[in-house]
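# Structural overview
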Amino acid sequence: MSTEHFTLTMSREFDAPRDKVFDAWMEPDKLAQWFGPVEVAAPREKIIVEPRVGGIWQVVMVWSDENGEQEAPIEAVITELETPALLVAKAKAAPDADHEFEEMRLEFEDLNGRTRMNVTQGPFESQEWVDMTRDGWGTSFDKLDELLA
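Notes on the structure in this doc start here.

What counts, and where the lines are drawn
- By convention here, each chain's residues receive numbers from 1 onward along its written sequence.
- In keeping with the predicted nature of the model, local features appear solely for residues at pLDDT of at least 70, side-chain atom pairs appear and are counted solely at 80 or more, and the whole-chain, interface and lining totals rest on all residues.
- Just so you know, side-chain values use all the structure's heavy atoms and leave hydrogens and water out.
- Strands here mean DSSP runs of E at least two residues long; helices mean DSSP runs of H or I at least four residues long; both are numbered from the N terminus.
- We call two residues contacting when some pair of their heavy atoms lies within 4.5 Å.
- By the convention used here, strands pair only if DSSP detects at least 2 bridges between them.
- Here, axes are lines fitted to C-alpha atoms. For helices the fit covers the stretch in contact, and angles between N-to-C directions go from 0 to 180 degrees.

### Digging into the environment of Asp-23
In this structure, Asp-23 sits in helix 1 (residues 18-26). For Asp-23 and Pro-84, which are 61 residues apart along the polypeptide, the C-alpha to C-alpha distance reads 7.8 Å.

### What to know about the side chain of Ser-140
Mapped onto the elements, Ser-140 comes out in helix 3 (residues 127-148). Those residues within four positions of Ser-140 in sequence are excluded, and the remaining contacts are Trp-34, Phe-35, Gly-36 and Pro-37.

### Brief notes about the sheet that holds strand 1 (residues 6-14)
One open sheet holds the seven strands; their spatial order is 1-7-6-5-4-3-2, and the pairing between them is antiparallel. The open sheet terminates on both sides in strands that have one partner only, identified here as strand 1 and strand 2 (48-49). Bridging between strand 1 and strand 7 (residues 114-124) involves eight bridges; their strand directions are antiparallel. Looking at the pairing, Arg-12 lines up with Met-117 of strand 7. Along the sheet, helix 1 contacts strand 1, strand 2, strand 3 (56-65), strand 4 (68-82), strand 5 (86-92), strand 6 (101-111) and strand 7; its crossing angle with strand 6, the most-contacted strand, is approximately 155°.

What follows is the structure, given as structure tokens:
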């Protein structure tokens, strides 16, 4: 396995106040409405959010393909939390990864009624994984835009 790691960094602006964007990450009912790329669902009954350092942040993405229904669980622990400015969570990496944990860092900047969200996520094992993750977040954030409107 490669020892080289790759990191995703991206920013997205939302036409909504910072607390509303932050809440969309912390409230399971809202997460269920937008989380996951196009054609992927995040069923409410498969989401757990304990909004505290040490709390669970868990979402299971569900989709169908030629092999039937598929699931991709994200099981993370919140390691830093500053409402409504910062959410950092560490998730177990894929079983075949050459590292144990993957960190997701979300910073929410107040832009006078709008919000810039900065995402840093990794390590990933390849640039291909970074690109696929960026594409997935892009369509997820399109759904979040709709929810916030």
